[in-house]
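Fold and contact review
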Amino acid sequence: MLPSIPLLLLSLLPVSLALPSYSPIWHRPLLGPPQTPSQIHRVPGENKTVILAGNRKVVGGLNPGDGEIVWRQMHEEADPVLRHASSGRLTATLSGPSGSTLRLYTPHTGELVLEVLLHLPEEGTLFTPGEVGTGLQFVGEDLMVLSGGNAVRKIGAGGVEWVWTPENADESYLKLYATPSHVHLLGIDPSSKHTHTVLSLSTGELLSSSPLAFPHSSKAEPLMLHPSVALEVQDGKLLSVSLALHGKHKVHTLPGHWASLEDVGLAPQGYVIALKEDGAAHVLRATPDGAMESVWEFSESKKAAHYTESVFAGALDKTGAPHVARVYWTHSLNLGNKLRKGSFNLWSAGGVGGQGMVTGFTFPFQTKVHGTMKDIALEVGLSSSTPVKPIPRFLLHTSTGSLQLWQDDKLQWTRDEGLGDLVGGVAWADHEEQPIALPGSLAAAIGDTASPMGDRGVGDAPEPLVAKWERQLASAWRLPGYVLSFLLRFVESVVPSEGSAQLSHALHKLVLVAGSTGKIWALDTSRKGGVVWDRILGISGAEENMGKVDVQKVLSVGGVGWVVIGHRNDKDGIHTAAWEIVPSTGAIYPPPGREGTTNGLTLFSGRLLDAFILPSDGTSQNETVVLISQDKGIYIFPDDAGRVASLSHRAKQVYFSLPLSLPDVTFERATLEGFAIIPQHESFVALQTFATHLTPSPKSELLQLIRPHRGPVASLGRVMGNKKTLYKYLNPHLVVALTEHLSATDGGEWCGVHVVDEVSGAVVYEASVRKPSGRECGISAVLADNWLVWHFWNDGNSGAVVANGGGMRTKGWRVVVVELYEGDADEVTRSAELSSMSVNSTRVHAISQTYGFPSAWKAVTTTSTKYGITLKDIVVANDRSQIQAYPHAILDPRRPVGKLTSEQKEELLIPFDSVIPDDPRRTVSQNIQVMGTTRLSTTPTALESTTLLLASGVDLFLARLSPSSTFDILSDSFNKTQLILTIIGLIAGIAIVRPIVESKKVRQRWYSTT
Amino acid sequence: MPGTPTFLEYATLSSKWNSVASPPGFTAVSGGTVKRAVDPVKYDELKSKRAWDLAISPAKTLPMNAFMLYMSGSGVQIFSITSIVMLLFSPFKAISGLEKAFAPFLPTATASSGDPLFLQKTVYMLVNLLPVALALWKCQQMGLIPTGTGDWLAFETRGTAPELSLR
């Protein structure tokens, strides 16, 4: 068929038929792995409890009943959450560098009540860790805030009531502790000695400021607790001193060898946990004279091989009595064949004789799934029966980022928040489902139904006509079987499934994701979604992160399955290891060892620089992972003989490129290095082939190297209205480098986009814009075949020379669309099959256009389909938590200005518009808020029209995209029953009417009078 | 009517008895009518002229067709498609019926060897090609003729590049 005819037919169709179809499949709202302590908070008067949890990026409220998110707030990367606290009807968050921003929310609905900028983000004293120098404490309904290390504010119902800053700017304050009458500040003076400052809570007046009575120690920070006592551990001694305003204060020493103190949130009640050097945990209480007393020692808390370290939390019940909980995990406890290895102890103050009482139980914590217990938040209810018994409810943070709510020893729910912080990319796999079983003899008669008409796909390499005929003749014997199976299928699905059974089968895939905590999950892409299986790689949550795996890359490797490459933190340093995983079952090779941990196959010691996939050589499906170590060593995985032979056979044609990395960081220049792989003594070495400096000035940086996804390309060119062709520049070796450099001529900073051939190192296309003042370069770029789209912020001075030279221009986001062609119309260089070393390989004709864009880009990718016939869309995660798709027709550099000529109309070009409008119909996420997307990943499906898209970051979001409409899917209104009944009716009608007509004809002949 | 050699005298047929057969041995004598003899050469000239008329006849509808097609625009519609199909096929039909069409114009007094109407037939054929040309022009206007590289793009193939870059 001539290509112009489908085009013409397309132009005849009503436009509505060709509308793209975007539909969300599932969405999993998340908070991300918790980093700040959670709080189980009861809202007074509402009889509602809400769990406040969060990390640097997100703070939110969870419903304790089902664990669903009630509300959440996302913070920008420059505005990380340092602290959050709740009391009564308010939740406060302190975020930004040294607590520059204070926000108040309602805890049960998350409505923003107040937002105050306490200081400019660039001001304020910064400490490590970031939460030192900040403080957040509720005193009744008032909130005391320490921010920037030097400013104290009292926030009341009417906003900021008073601000206090020290007269001496050298002094900074580390901690804040407020009593109902006073504010105590623990400060540090220029000679780095601790100071103690007291302010009046009601007026903010400075009452006293004096050095802390402790001998100087820079090791530990003192804790402050009720009633005005400071304590710290120094050289195994636990010292405490009264902070009362008047009188001479004596330093008290508590006997014993103490190791550390742990604040469990009971400082206003005067309780703290102190750990001895042997691990024994004591509950300490402060006495009015500034001394400390041990009121309880937790049994079995000494360090032992069969216990893990304990985690503590404190809470008040409704009578105001304090409770301290301790949870730990034992290796050996085994009750009634059930693995109930988590232990919970609760110490409650009061009780008989004032010694407090202890209750405890074990609970079935699954350490193999969730790692170890990292943190706990406690809530204690009281039973209505007498004697009153505490009913504990506790929230566990685990080392894999899970949140679990336990009521007594029963698990209420688990949230896999580790999914909110993914690393290493995404790997897809087809869901292997058993095909619909046919009766045995029938199946044998039909033969292989999976590939009924030869084993070729549309995207395969072209074959000569004779070969095609041979192949078709050879597979002709399967035709009867094919027809039979077709008929069976045709009849089988008489019950209308609206195509959904086949459709969902075609779209059914598995996707592997890896969390920063070392856990991996396989997710199902079907509508019910969910986790198919999860595994922990290495050891999660061990001391000093021993055995922890930092996943570097997640790959889908032909002939193997999934391969995870990660850094394993061993005693003797970091090792790079690989795990081979069967997608459907989650079976891992190498299998788990004696302790049940999967430590992977160690490939080399040291870190991984990059890992690539070597495509199969055509003789088999086998792909190979090629790993580059930091010393540029080449390792392959799996390293069976066939794969080694396959690589050494092709070795001299295999190239890769890496950003220049030198141990000397003072010499920084945006440089791309190219390497070839050379076989040497049964192994391989990387041989440097080129080093291309990407920027004119040596003061530059390579910000990002983007390796575009390569899929089949169905159309080699773009046919214009006059039937001439612009041949696409389809060099398969292109990479996109984003750089930043300081101009040698005008001293300005510039941001660059460079498209480089990674075999020859030749720069094929480059462009640069002036770096926006006070911002990062922030360029995002994507290259799909020959279509480069990049996006940047223009602050009115992008550096482009304008003809009229008129002053400032509009600020805003810009998208630059570039198409690379082999030359002008009808010029051919056959770039797709050209050697990168040939003269013509860098001959490029670039057509570009800039458009205004309504939003920032957080992540960008393109759709990809099985055969590359469907037009590609650019998919973007914008700064409004939406996923949007932009078709080529809109992001087209050839959109004509002015009235369209008939040729341009024939080409279906859309007239130029300076701004790409924000069209809600292109929003893939519809009304779903997809929070914090940092990565978009697409995969082709069995249907050519359809691509699956996974957005990850904080939330997980899966959608189905059909950029050129669902041309290979029957619409829901298609009625197969009706069709079959009509056909049967027609056949029956013919069968009945034909003899009647025949006899009538004969009769007519016989009796007709002419 | 061309080619009719005699004239019929209707005046003699006015009698209502005319249908009655003449008696045996009766010979009708046309009273007052003269049988005009026709000069065969002049007659052939006339035939030749008529043949020329036929030869250029397809061109006569050409301006009308051209105008119609021009007015129908460059879109592919059923109207222009039927016109084009007619324009494309009727000339060939006409050419295939060439001998039949020119048979009545063959000179009676054939003297020369070869086809006496060769010229007319040639012209007829050429003129018949004009509607074909018009139809092709229209097809070209509508973009139905695969003349550009774009029409053959789908048949182009590319091999794989000799180098392999890792991703």
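All values derive from a computational prediction rather than experimental measurement. (Residues numbered from 1 in each chain as written. Chains lettered and ligands numbered in written order. Predicted model: local features only at pLDDT ≥ 70, side-chain atom pairs only at ≥ 80, totals over all residues.)

**A look at the overall build of chain B**
Looking only at helices and strands, chain B has five helices and one strand in total. Put simply, chain B runs from its N terminus to its C terminus through helices and strands in the order α-α-α-α-α-β. Relative to its full complement of 167 residues, chain B shows a buried share of 19%. For chain B, the proportion of contacts with a sequence separation of at least 24, taken over those separated by at least 6, is 75%. (Helix = DSSP H or I, 4+ residues; strand = E, 2+ residues; numbered from the N terminus. Buried ≥ 20, exposed ≤ 12 C-beta atoms within 10 Å, placed from the backbone. Contact = placed C-beta atoms within 7 Å.)

**Comments concerning the overall build of chain A**
Helix and strand content of chain A: nine helices and 64 strands. A total of 1010 residues make up chain A; the buried ones form 41% of that total. Partitioning the intrachain contacts of chain A with sequence separation of at least 6 by distance along the chain shows that 54% fall at a separation of at least 24.

**Quick notes on the sheet that holds strand β14 (residues 172–178) of chain A**
Residues and elements named next belong to chain A. The strand order β14-β15-β16-β17 describes an open sheet built from four strands, whose pairing is antiparallel. Each end of this open sheet is capped by a strand with a single partner; those strands are β14 and β17 (206–211). For this sheet, the mean angle separating the axes of adjacent strands, direction not counted, is 20 degrees. Looking at chain direction, strand β16 (residues 194–200) and β17 are connected through five bridges and run antiparallel. Within the sheet, the bridge partner assigned to Leu199 lies in β17 and is Leu206. (Pairing = 2+ DSSP bridges. Axes fitted to C-alpha atoms, helices over the stretch in contact; angles between N-to-C directions.)

**Comments concerning the packing of helix α1 (residues 40–60) of chain B against helix α5 (residues 118–142) of chain B**
All names here are of chain B. Taken N-terminus to C-terminus, the directions of α1 and α5 make an angle of 10 degrees; their axes are 7 Å apart at the nearest point. As judged from the angle between their axes, α1 and α5 are roughly parallel. The way α1 lies across α5 gives a crossing that is left-handed. Contacts between α1 and α5 involve Ala51, Trp52, Leu54, Ala55, Ile56, Pro58 and Ala59 from the former and Gln120, Val123, Tyr124, Val127, Asn128, Leu130 and Pro131 from the latter. Grouping the amino acids of the contact of α1 with α5 by side-chain chemistry returns 12 nonpolar, two polar and no charged. (Parallel < 35°, antiparallel > 145°, perpendicular 65-115°, else oblique. Left-handed = near helix turned anticlockwise from the far one by under 90°. Nonpolar A, V, L, I, M, F, W, Y, C, P; charged D, E, K, R; others polar.)

**Looking at the confidence of the model for chain B**
Reading predicted coordinates in detail is not appropriate for stretches of low pLDDT. Averaged over every residue, the pLDDT of chain B is 81; residues scoring 70 or more account for 79%. Between the elements of chain B, mean pLDDT differs from a low of 86, seen in α1 of chain B, to a high of 91, seen in strand β1 (residues 164–165) of chain B. (pLDDT = per-residue confidence, 0-100.)

**Some points on the UniProt feature "transmembrane region" (unreviewed entry) in chain B**
Per the UniProt record, "transmembrane region" (unreviewed entry) is annotated on residues 67–89 of chain B. Measuring from the first to the last C-alpha atom of residues 67–89 of chain B gives 19 Å, for a span that is 74% helix and 0% strand. (UniProt positions renumbered as here; feature names shortened; annotations may be inferred.)

**What about the environment of Glu766 of chain A?**
Residues and elements named next belong to chain A. In this structure, Glu766 sits in strand β54 (residues 763–770). A count of 15 C-beta atoms within 10 Å places Glu766 in the partly exposed class. Along the sequence, Glu766 and Thr695 sit 71 residues apart, while their C-alpha atoms lie 9.7 Å from each other. Aside from chain neighbours lying at most four places away, what touches Glu766 is Gly752, Val753, His754 and Val755.

**Remarks on the pairing of β14 of chain A**
Two faces, one strand: in a regular strand the side chains alternate between the faces of the sheet. Residues and elements named next belong to chain A. Extensive coverage of β14 is indicated by the burial of seven of its seven residues. When β14 meets strand β15 (residues 182–188), the two strands line up antiparallel, connected through six bridges. Its bridge partner being in β15, Tyr173 is matched across the sheet by Gly187. Joining the antiparallel neighbours β14 and β15 is a turn of three residues.

**Structural notes on the interface of chain A and chain B**
The partner chain B presents 23 residues to the 38 residues of chain A that form the contact. Elements supplying a minimum of two residues to the side of chain A that touches chain B: α1 (4–12), β43 (608–614), β46 (654–659), β50 (717–719) and α8 (902–906) of chain A. Of the residues belonging to the side of chain A that touches chain B, the class tally is 18 nonpolar, 10 polar and 10 charged.

**Some details on unusual backbone geometry**
Residue and element names in this part refer to chain A. Omega for the bond connecting Tyr589 with Pro590 falls within 30 degrees of zero, at -5 degrees, which places this linkage in the cis form. With respect to the secondary-structure elements, Pro590 resides in the loop between β41 (588–589) and β42 (601–605). The omega torsion across Phe637 and Pro638 is -10 degrees, close enough to zero to call that bond cis. One non-glycine residue, Glu544, lies in positive phi territory at about 55 degrees. Here Glu544 shows up in the loop between β37 (531–536) and β38 (549–557).

**Let's talk about the environment of Phe684 of chain A**
All names here are of chain A. Locating Phe684 in the fold gives a position in strand β48 (residues 683–693). For the pair Phe684 and Ala670, spaced 14 residues apart in sequence, the C-alpha to C-alpha distance is 27 Å. With residues near it in sequence (within four places) discarded, Phe684 still touches Ile634, Leu647, Ala651, Ile677, Ile678 and Pro679.

**Considerations on the sheet that holds strand β4 (residues 58–62) of chain A**
Residues and elements named next belong to chain A. If you trace the four strands from one edge of the open sheet to the other, you get β2-β3-β4-β5, paired in antiparallel fashion. Pairing within the sheet leaves two strands with one partner each, and these edge strands are β2 (36–43) and β5 (69–74). Taken over all neighbouring pairs, the strand axes of this sheet differ in orientation by 15 degrees on average, direction set aside. Looking at chain direction, β2 and strand β3 (residues 48–54) are connected through six bridges and run antiparallel. By the bridge assignment for β3, Arg42 is matched with Thr49.

**So, helix α9 (residues 976–1007) of chain A**
Residues and elements named next belong to chain A. The terminal C-alpha atoms of α9, which comprises 32 residues, lie 46 Å apart, in line with the 46 Å expected from a rise of 1.5 Å per residue. Of all the bends in α9, the largest measures some 30 degrees and sits at Val993, one to four residues before the proline Pro995. Counting buried residues along α9, only zero of its 32 residues qualify, which leaves the element largely exposed. (Expected span 1.5 Å × (residues − 1). Bend = angle between axes of the 7 residues up to and from the residue.)

**Looking at the confidence of the model for chain A**
Residues and elements named next belong to chain A. Residues of chain A with pLDDT of at least 70 account for 90%, and the chain-wide mean is 85. A low-confidence stretch, residues 333–337 stays under pLDDT 50, and its non-local contacts, those more than four residues away or across chains, total six contacts. Counted against residues more than four places away or in other chains, residues 803–807, with its pLDDT under 50, gives zero contacts.

**Describing the pairing of strand β35 (residues 509–515) of chain A**
All names here are of chain A. When you tally the buried positions in β35, you get seven out of seven residues, the bulk of the element. Pairing of strand β34 (residues 422–430) with β35, which is carried by seven bridges, proceeds in the antiparallel orientation. Residue pairing across strands places Val423 opposite Ala514, the latter belonging to β35. When β35 meets strand β36 (residues 519–524), the two strands line up antiparallel, connected through five bridges. The partner of Leu512 across the bridge, within β36, is Ala522. A loop of three residues connects β35 with β36, the two strands running antiparallel in sequence, and Gly518 in this loop sits at a positive phi of about 95 degrees.

**Side note on the packing of helix α2 (residues 62–71) of chain B against helix α3 (residues 78–96) of chain B**
All names here are of chain B. For the pair α2 and α3, interaxial distance at closest approach is 10 Å and the crossing angle is 150 degrees. On the basis of their axis angle, the class for α2 and α3 is roughly antiparallel. Crossing geometry of α2 relative to α3 is assigned as left-handed. Only Ser80, Ser83 and Leu87 of α3 make contact with α2, whose side of the interface consists of Asn65, Met68 and Leu69.

**Some details on the nonpolar core**
Within the largest apolar cluster, 217 residues are counted, with the highest numbers of intra-cluster contacts made by Ile376 and Val564 of chain A. Among the elements that take part in this core, strand β57 (residues 812–821) of chain A stands out by supplying seven residues, more than any other. Shared between two domains, this core takes at least three residues from each, and those domains are domain 1 (33–212) and domain 2 (298–420) of chain A. In this view, Val564 of chain A contacts Ala514, Ile520, Leu537, Val551, Val554, Ala578, Trp579 and Ile581 of chain A; residues no more than four positions away in its chain are not counted. The next biggest cluster of nonpolar side chains, apart from the first, holds seven residues, and it includes Ala51, Leu54, Ala55 and Tyr124 of chain B. (Core = buried A, V, L, I, M, F, W, Y, C linked by C-beta atoms within 7 Å. Domains from an automatic or database assignment.)

**A closer look at the environment of Ala889 of chain A**
Residue and element names in this part refer to chain A. On the secondary structure map, Ala889 appears in the loop between β61 (883–887) and α8. Look at Ala889 and you get exposed, because 12 C-beta atoms sit within 10 Å. Remark: the alpha-carbon pair of Ala889 and Asn47, spanning 842 residues in sequence, is separated by 55 Å.

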